[in-house]
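Single-letter residue listing:
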Amino acid sequence: MNKTTTYILWAARLLAAIILLQTLYFKFLAQPESVYIFSTLGVEPWGRIGSGIIELIASVLILLPRTSWIGAALGLGVMAGAIVSHLTILGISVQDDGGYLFFLALVVAVSCATILALTRTQWMPVLAGVLDQKKVHTNA
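To keep things clear, this report deals only with the structure shown in the data block. It should be emphasised that the depicted structure is a prediction, and the values quoted were computed from it without experimental measurement.

Attention shifts here to the packing of aromatic side chains. Applying the stated criterion across every chain yields a total of 1 aromatic pair. Pairing Tyr25 with Phe26 gives two aromatic rings, centres 5.1 Å apart and planes at 85°, and the pair type is edge-to-face. Seen from the ring of Trp10, Arg13 lies directly overhead, with NZ or CZ sitting 4.7 Å from the centre.

Below is the structure:
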């Protein structure tokens, strides 16, 4: 991996982790905006707390080079849910935020996708092994 790629990878890691960690304040302290979102989705308080725990785990994993791809996969999954929720139920702008939360979800999703693309030599063999095991068990 050359220097430019390494810098891009670390920038994506830091960006995703900082945004995910920063939003934990709102989730874990039951800030009104967060309670409103998860109430609208019909999953307050467990959805708020659960997603916060998953985002905390993802953030830690993202910051560790050997596990950043695992954290990025978790983060991308959570952000996919957030983006779909914005597009189908919440709307782009939530409580007149001008789409700020939607934008943050997109930034984290793109950062996580970048991490996954740049660490593909770490996770592709794992995926190939899982798929090979599944094929062996299916044919047995």
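Next up on the list: the pattern of salt bridges. Under the definition given, this model contains 2 salt bridges. Notably, a salt bridge pairs Lys27 with Glu55, separated by 3.1 Å at the nearest N-O pair. Residue Lys27 is found in helix 1 (residues 3–28), and its partner Glu55 is found in helix 3 (residues 46–63); the two are separated by 28 residues along the sequence. Of the residues examined, Lys27 reaches a relative accessible area of 11% and is grouped as buried. The class of Glu55 is buried, set by a relative accessible area of 4%. Across the salt bridge formed by Glu44 and Arg48, the nearest N and O atoms sit 2.8 Å from each other. Here Glu44 falls in the partly exposed class, since its relative accessible area comes to 27%.

Position of Ser93 relative to the elements: it lies in the loop between helix 4 (68–90) and helix 5 (100–118). Using a relative accessible area of 37% as the deciding quantity, one classes Ser93 as partly exposed. C-alpha of Ser93 to C-alpha of Gln22: the two residues are 71 residues apart in sequence and 19 Å apart in space. Ignoring any residue separated from it by four or fewer positions in sequence, one finds Ser93 in contact with Gly98 and Gly99. Among the polar contacts listed, one links the side chain of Ser93 to the backbone nitrogen of Asp97, at a separation of 3.5 Å. Here Gly98 takes part through its backbone nitrogen, which lies 3.2 Å from a polar atom of the side chain of Ser93.

What counts, and where the lines are drawn
Each chain carries its own residue numbering, running from 1 in the written order of its sequence. Two thresholds apply to this predicted model, a pLDDT of at least 70 for residue-level local features and 80 or more for giving and counting side-chain atom pairs, whereas whole-chain, interface and lining totals are computed over all residues. To get the side-chain values, take all heavy atoms of the structure and skip hydrogens and water. Two rings from Phe, Tyr or Trp (for Trp, the six-membered ring) form a pair when their centres sit within 6.5 Å of each other. Planes less than 30 degrees apart are called stacked, planes more than 60 degrees apart edge-to-face, and all others tilted. Two thresholds decide whether a charge sits over a ring: the Lys NZ or Arg CZ must be within 6 Å of the ring centre and within 35 degrees of the ring normal. Salt bridge, as used here, is a side-chain nitrogen of Lys or Arg placed within 4 Å of a carboxyl oxygen of Asp or Glu. Only DSSP runs of H or I with at least four residues qualify as helices, and only runs of E with at least two residues qualify as strands; both kinds are numbered from the N terminus onward. The rule is simple: take the accessible area with a 1.4 Å probe, protein chains only, and divide by the maximum for that residue type; under 20% is buried, over 50% is exposed, in between is partly exposed. Contact definition: two residues touch when any of their heavy atoms are within 4.5 Å. Side-chain atoms alone can form a polar contact between residues adjacent in sequence; in general such a contact is a pair of N or O atoms within 3.5 Å, and within protein one must be able to donate a hydrogen while the other accepts it.

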